[in-house]
There are 2 protein chains.
Amino acid sequence: MSVRAGIVVTGTEVLTGRVRDRNGPWVGEQLSELGVDLAHITICGDRPEDMEAQLRFLAGEGVEVIVTSGGLGPTADDLTMAVVARFCGREMRLDAAVEARIAAILEPLMKRWPDLDPEAVLAANRKQAILPEGASVLDPAGTAPGAVVPPQSDGKPTVVVLPGPPRELHQMWPAAVATAEFQRAIAGAGEYRGQMLRIFGIPESEIAETLRLAEDELGPPFAEVEITTCLRRGEVELVARWQPAAQATWDRIAEIVGERHARTLFSTDGSLVDDQVAELLTGRSLALAESCTGGLMAARLIDRPGASAYVAGAIVAYADAAKRELLGVDGALLERHGAVSPEAAEAMADGALERLAADTALAITGIAGPGGGTEEKPVGYVCWCAKRSDGALLARSMTMPGNRTEIRDRSTTFGMHLLRRLLRGEEFPL
Amino acid sequence: MSVRAGIVVTGTEVLTGRVRDRNGPWVGEQLSELGVDLAHITICGDRPEDMEAQLRFLAGEGVEVIVTSGGLGPTADDLTMAVVARFCGREMRLDAAVEARIAAILEPLMKRWPDLDPEAVLAANRKQAILPEGASVLDPAGTAPGAVVPPQSDGKPTVVVLPGPPRELHQMWPAAVATAEFQRAIAGAGEYRGQMLRIFGIPESEIAETLRLAEDELGPPFAEVEITTCLRRGEVELVARWQPAAQATWDRIAEIVGERHARTLFSTDGSLVDDQVAELLTGRSLALAESCTGGLMAARLIDRPGASAYVAGAIVAYADAAKRELLGVDGALLERHGAVSPEAAEAMADGALERLAADTALAITGIAGPGGGTEEKPVGYVCWCAKRSDGALLARSMTMPGNRTEIRDRSTTFGMHLLRRLLRGEEFPL
């Protein structure tokens, strides 16, 4: 038996794309770990009728659980609690204990903004203490409490109401899951297993062909494994999900993928190339020299906690003068080969190794566009050089498709893979 | 009269969050410019029943236009065209002209991947030439053609079928809009006007209070202007949308906001702080010295085309040794005040000015966490220093909330505002 869920993301700022929704996917992942199938994410603005229509739609599709995010704030357009109460057929009432709790939370906050009128702040937040009767209240992580609202009758969904800010939502999720209402709603969720394979350096159509071969060999049981593939930041991701009875089928599919893509399959345990590079850098000291990526490569590496143990630093030598002064790249070399050339990339790597006293360096120089391209070196032409202080080196140059942002982003992915292969002592096969 | 639309985003990789949907918001913005109201975005996986349910839901909500993105690829889980055809009551048939067109597109592509079996590639892509009868075909930007599928009967929506890759979708959008079917569907869309106000340095509850005051003053006409507010990257965004008859009402609301937030309202014309800083940097030369942001500030500035005209470069001095060697920060100063201190920030700015021969510098040093915090300097404590070569200087230190990623991201926003105020010759009011 399978338990299905839907997620309703509210907020005109999300609907219109000014704010990216990060809650839908996150909640979906948590549900998946609980064996619950996410069927739909729906996004609406701050119009209550649209939100109610989405709740009805999801109920009509037979989902057992609906999770909403957003619309719990102090402003008048934050209406989620009231809409959910109406949908579940429950009255709204002021919860005095919750009101006192919010007041206690606001006290230190108001000290940070001494110019504010405390009465106005309390009034703005009192509405956050008005909650559906019969719901389990979830303690606020910010100032907005959430709720798990049970259905009035069997066959209707249980609604989990959570705030929009991802950090608050994450913090309140375990309490929501722990409620008796939620556990009742997901009783009967089946066990699923999952695995992700990551491949770098092939087009997506190649994976489609591999899966066709697997289907030819395995016949109908192939369909017992749910497989999706997608291209992400230049990597092909293959995600599989199956019930325990289909384990042998998946094992064979994974084997076929591993055989056909032996040289390009780099992750079978969910690890990102970023995880692998971080692991490989343990005990080493990395220096970066960036031109077109302009700090993105450093930012991507330093995004991980603990990066200070192996990232010495980066030199973003965007102007030619900076390449000469900060990285010691020979002016004559720049003149002869150009600032975007394999020669410049290697000289930048050498400069980074020396100036940052590091044992590993990665240099990236390229033409991110939209201007600056020539016939010989068009927009998208990028040169990478990964080098160790012992002289070992992997270098590549190629022209990447896409716009400025895409070229810069994919250049960091390519750089990660070059670094990974250098650190593993591999040759780069592309 | 208003014309409403819905967007259906397909793909298990989007539903599960492995790939972020960028199409929904983009299409929503295009529709808004055409005077069409976006009511719903719905996201489903690759299960055709779920997609069909979403199409029925949107039709039931009375939308005139549905735009789908994704599911046009060569793999077996790409089923959008077939689902839309069934929903619109139309047969699918192979379009020989389209098939020939795809083959011509694939020819040069196959040369890039010489190991591929050309027959397999053509077979994988033939299905992309099977299209709903009676639809307007949209020429592919990649290899997948799109379609505008008119309804079989009045009162049903017109469905625009577009591919998932954003670049392809963007490229094909004008052709979709130009079709007679689309124009018929959106006939009657009313004129809307819009404006965005951006404010930095106040909590969102302050704007809620301002809007309450405006409502008190204006009474019922206040409701004629649709206003949403949200916090984004530390800035408060207020977005308004109104029909021409409500112009005076909006003018008064904007005036009230401008009066109450005179010192913190920084944008009334839609410009981002990034736009304003780029403009202010014209003719100048900027050097960055980054520690906790680790290249993010540089990457954010260099994301804009033409940044090479004013960004000299950046030094990501993550390790203390790098601060000394690359930025010339005095070791004794680091020892006395710590690497995260106003003194270190100013020394880093001085070093960046000198080493990159720039006339403007911004330095950021902080504790992004999760480790490294102390009682005196907790996780989130960040110091900024913006300095000009003529000695003018704005510096701030504060403790920011959030996790590592949020602290680093907001530190760049704060840095942008500090830079903006320095370049405008303003004092920082916070």
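Relevant structure appears above.
Our subject in this report is the structure included herewith. Computed from a predicted model, the values in this text were never measured in an experiment. (Residues numbered from 1 in each chain as written. Chains lettered and ligands numbered in written order. Predicted model: local features only at pLDDT ≥ 70, side-chain atom pairs only at ≥ 80, totals over all residues. Heavy atoms only, no water.)

Once that is clear, we can look at the nonpolar core. Counting 58 residues, the largest nonpolar core has A:Leu55, A:Ile66, A:Val84 and B:Val84 as its most contacted members. Element by element, the count of residues in this core is highest for helix H3 (residues 48-60) of chain A, at six residues. A:Val84 has contacts with A:Met51, A:Leu55, A:Thr68, A:Val149, A:Val159 and A:Val161, leaving out every residue within four places of it along the chain. In this structure, A:Ile315, A:Ala317, A:Tyr381 and B:Cys383 belong to the second largest nonpolar core, which totals 56 residues. (Core = buried A, V, L, I, M, F, W, Y, C linked by side-chain atoms within 4.5 Å. Buried < 20%, exposed > 50% of the residue type's maximum accessible area, 1.4 Å probe, protein only. Helix = DSSP H or I, 4+ residues; strand = E, 2+ residues; numbered from the N terminus. Contact = heavy atoms within 4.5 Å.)

Put plainly, two cysteines are in a disulfide when a covalent bond ties their sulfur atoms together. In the structure shown here, the tally under the stated rule is zero disulfides over all chains. The closest cysteine sulfur to the non-disulfide-bonded A:Cys383 is located on A:Cys292, 9.0 Å from its own sulfur. Summary of cysteine pairing: B:Cys44 is not part of a disulfide, and the nearest cysteine sulfur, belonging to B:Cys88, is at 15 Å. Residue classification places B:Cys44 among the buried positions, given a relative accessible area of 0%. (Disulfide = S-S within 2.5 Å.)

As a further point, take the layout of surface pockets. Residues and elements named next belong to chain A. The volume enclosed by the second largest pocket comes to roughly 440 Å³. Around the second largest pocket, the lining is made up of 23 residues, and of these Gly366, Ile367, Ala368, Gly371 and Gly372 lie nearest the centre. When residues of the lining of the second largest pocket are traced back to their parent elements, those giving at least two are helix H13 (320-327) and strand E15 (360-366). Along the lines of polarity and charge, the residues of the lining of the second largest pocket split into nine nonpolar, 10 polar and four charged. (1 Å grid on protein atoms, 1.4 Å probe; cavity = no way out; pocket = protein on both sides within 12 Å on 5 of 7 lines; lining within 4 Å. Points joined across faces, edges and corners; volume = space filled by probe spheres on them. Nonpolar A, V, L, I, M, F, W, Y, C, P; charged D, E, K, R; others polar.)

Residues and elements named next belong to chain A. For helix H10 (residues 247-260), built from 14 residues, the straight-helix expectation of 20 Å at 1.5 Å per residue is met to within 8% by its first-to-last C-alpha distance of 20 Å. Thr249, Trp250, Ile253, Ala254, Ile256 and Val257 are the residues of H10 that are buried. Projection of H10 onto a plane perpendicular to its axis shows the buried side chains occupying an angular sector of 160°, all on one side. Looking at H10, the residues exposed on the side facing more than 90 degrees away from the buried face are Ala248 and Glu259. Of the surrounding secondary structure, the elements contacted by the buried residues of H10 are strand E9 (193-200), helix H9 (204-218), strand E10 (226-232) and strand E11 (235-242). (Expected span 1.5 Å × (residues − 1). Arc of directions from axis to C-beta.)

We now examine the sheet that holds strand E11 (residues 235-242) of chain B. Residue and element names in this part refer to chain B. Taken together, the four strands give an open sheet; going across it, the order is E10-E11-E9-E12, and neighbouring strands pair in antiparallel fashion. Both outer strands of the open sheet, strand E10 (226-232) and strand E12 (265-267), are each paired with one neighbouring strand and no more. Strand-to-strand, the axes of this sheet are offset by a mean angle of 30°, without reference to chain direction. For strand E9 (residues 193-200) and E12, the ladder comprises two bridges, and the chain directions are antiparallel. Counterpart to Arg198 in the pairing with E12 is Ser267. (Pairing = 2+ DSSP bridges. Axes fitted to C-alpha atoms, helices over the stretch in contact; angles between N-to-C directions.)

The next point concerns the relation of the copies chain A and chain B. With an axial shift of 0.0 Å and an RMSD of 0.1 Å, the rotation relating chain A to chain B amounts to 180°. When the rotation and shift are considered jointly, the pair of chain copies conforms to a two-fold rotation axis. (Least-squares fit on C-alpha atoms with pLDDT ≥ 70 in both.)

Further remarks concern H3(A). Residue and element names in this part refer to chain A. Between the first and last C-alpha of H3 there are 18 Å, a value that for 13 residues agrees with the 18 Å anticipated at 1.5 Å per step. Along H3, the residues classified as buried are Asp50, Met51, Glu52, Ala53, Gln54, Leu55, Phe57, Leu58 and Ala59. Gly62, located one to two residues past H3, shows a positive phi value of around 85°.

Turning to the interface of chain A and chain B, a few remarks are in order. Contacts between the two partners involve 84 residues from chain A, matched on the other side by 86 residues from chain B. Taking both sides of the interface into account, the surface hidden between chain A and chain B amounts to around 6,800 Å²; carbon and sulfur atoms contribute 58%. The largest contributions to the chain A side of the interface with chain B come from A:Arg18, A:Ile302 and A:Tyr318, which together make up 10% of the buried area. Viewed at the interface, chain B and chain A are joined by 10 salt bridges. For the salt bridge of A:Glu406 with B:Arg167, the shortest nitrogen-to-oxygen distance reads 3.6 Å. Between the two partners, chain A and chain B, sit 27 residue pairs in polar contact (both at pLDDT 80 or more). With eight residues, the single largest contributor to the side of chain A that touches chain B is strand E2 (residues 36-44) of chain A. As defined by bridge partners, strand E14 (residues 311-316) of chain A adjoins strand E14 (residues 311-316) of chain B across three bridges and the pair is classed as antiparallel. Residue pairing for E14(B): A:Ile315 is matched across the bridge by B:Ile315. (Buried area = accessible area lost by both parts, 1.4 Å probe. Salt bridge = Lys/Arg side-chain N within 4 Å of Asp/Glu carboxyl O. Polar contact = N/O pair within 3.5 Å; in protein donor to acceptor, adjacent residues only side chain to side chain.)

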